[in-house]
Each structure stands twice: as C-alpha cells, then as structure tokens.
Amino acid sequence: MLSVLIETRNDEEGLARTLASLIGGAVEGVVRDVIVCDAGSTDQTHRVAEHAGCHYVSGGIAAGIGQAKGDWLLLLEPGARLAEGWIEEVAAHTARQTMPARFSRARGHRAPFLARVFSGNRALAEGLVISKRQAAALAKSARSAEALARGLATRRLNAEIWVAPPK
C-alpha cells in the first residue's frame, strides 16, 4: 500500500489536478492515504484537501511522513498528473525493489534537450516513489520534499507523469 504526500503552498488549483489523477489508485486499493503537507498556505488549499478526503498537516514533509500509513511513499508536486498505467508500474516496483524511483516525463510534455540541460531542475518534477523507512531517515536533515528528493539515485519507472508547470 502506498501513501501519497503532496507538499504545497498556495496552490489549490494544482492540488486539485493532482488529486484527480490519483482517483484510480484509490479505487484499485493501491493508494492507502493522501497527505497534503502545507508550508504556510493562505488560500483555500486546506478546503481542497479536506473535500477530497485527504489528511491535511502543517509542518512540512517530516510531519507528513510521520502520519503516513503505507510502507511506500509517493511524493508529488501540486499540479503534477500521473498518466494511465502508473498503478500497475508502481505496484510492481514496490513489490520487487528497495530503491527509490521516478516517473518518465509524458512524451507530449518533454522540453527540447538543450532546454532541459540548461533549465533549473526540480528534484520532484518527476515524482518520487520511496520507502517510508528511507524517507524518514532523509527527512531528519531535509527541510522540504524537494530537498529530500535531491541527489537520490533512482530507478526510472515505465509510467508517465505530466510535470507541474514551474512556479
């Protein structure tokens, strides 16, 4: 079972798009819980989370990891959308692997090569599937989900993600 963590700040529209792409995983029983980790939102982010049935915590990613019920975590940026086929791929990965993994960018959403090379990379742009044990250890020194995901050796999943637009 998988716990989804979304760290957000003033992005209610992006949060709604991301939550909509997780419905299939909840129906299939892969997603156990969704935790919205708030970093000081002043908009209606908390209402979006509550209406969707998510747990809403303030205090950052470490608080969310502590509340997660699943043995594996899926960290996403608000606005990111998972494409069809992600459920089977994540379930297979968590059953056989111990290392973290990231999604592949959707084919229609890939920037040209040089734009990718020279742009600032966001560590969570492609999501992150990581064991709760490893995430908890990394969260002790990381102040955000972005910092937790940066620099990790990961496997590439054969499932696509529509990356959230840059802020």
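Residues numbered from 1 in each chain as written. Predicted model: local features only at pLDDT ≥ 70, side-chain atom pairs only at ≥ 80, totals over all residues. Heavy atoms only, no water.

Our focus in this paragraph is the nonpolar core. One finds L22, L74, W86 and F103 to be the most contacted residues of the largest nonpolar core, which totals 29 residues. Elements with a minimum of two residues in this core: β1 (2–8), α1 (12–21), β2 (31–38), β4 (72–76), α5 (86–96), β6 (101–105) and β8 (155–162). Not counting chain neighbours up to four residues away, the residues in contact with W86 comprise L2, S21, L22, G25, V31, L74, F103 and A159. If you look at the next biggest cluster of nonpolar residues, it comprises 20 residues, including I61, L73, L75 and A135. (Core = buried A, V, L, I, M, F, W, Y, C linked by side-chain atoms within 4.5 Å. Buried < 20%, exposed > 50% of the residue type's maximum accessible area, 1.4 Å probe, protein only. Helix = DSSP H or I, 4+ residues; strand = E, 2+ residues; numbered from the N terminus. Contact = heavy atoms within 4.5 Å.)

Turning our attention to the pattern of salt bridges. In total, this model carries four salt bridges according to the counting rule given. A salt bridge links R105 to E126; the shortest N-O distance between them is 2.9 Å. Linking R105 in strand β6 with E126 in the loop between α6 (113–118) and β7 (128–131), this pair joins segments that are 21 residues apart in sequence. We classify E126 as buried; its relative accessible area is 16%. Salt-bridge contacts for R150 lead to E146; the nearest nitrogen and oxygen are separated by 2.7 Å. Given a relative accessible area of 48%, R150 falls into the partly exposed group. Members of the salt-bridge network, linked through shared partners, are R105, E126 and R156. (Salt bridge = Lys/Arg side-chain N within 4 Å of Asp/Glu carboxyl O.)

In the numbering adopted here, UniProt assigns the feature "domain: Glycosyltransferase 2-like" (unreviewed entry) to residues 3–93. Annotated as 42% helix and 27% strand, the span residues 3–93 places its first and last C-alpha atoms 15 Å apart. (UniProt positions renumbered as here; feature names shortened; annotations may be inferred.)

Our next topic: the environment of L76. Following the sequence through the fold, L76 ends up in strand β4. Between the C-alpha atoms of L76 and A62, which are 14 residues apart in sequence, the distance is 15 Å. Dropping the residues within four chain positions of it, L76 is found in contact with V4, L5, I6, E7, T18, L22, L82, G127 and I161.

So, about α5. When we look at burial in α5, the residues that qualify are W86, I87, E89, V90 and H93. One face of α5 carries all of its buried residues, which in axial projection span an arc of 165°. Along α5, the residues that are exposed and aim more than 90 degrees away from the buried face are E88 and A95. (Arc of directions from axis to C-beta.)

What follows covers α1. Where α1 is concerned, the buried positions are G14, L15, T18, L19 and S21. Looking straight down α1, one finds that the buried residues subtend no more than 155° of arc, so they occupy a single side.

Examined bridge by bridge, β2 and strand β3 (residues 55–58) share four bridges and lie parallel to one another. Within β3, the position partnered with D38 by the bridge is S58. In this fold, β2 hands off to helix α3 (residues 45–51), which returns the chain to β3; that crossover is right-handed. (Pairing = 2+ DSSP bridges. Right-handed = clockwise from strand over helix to strand, strands pointing away.)

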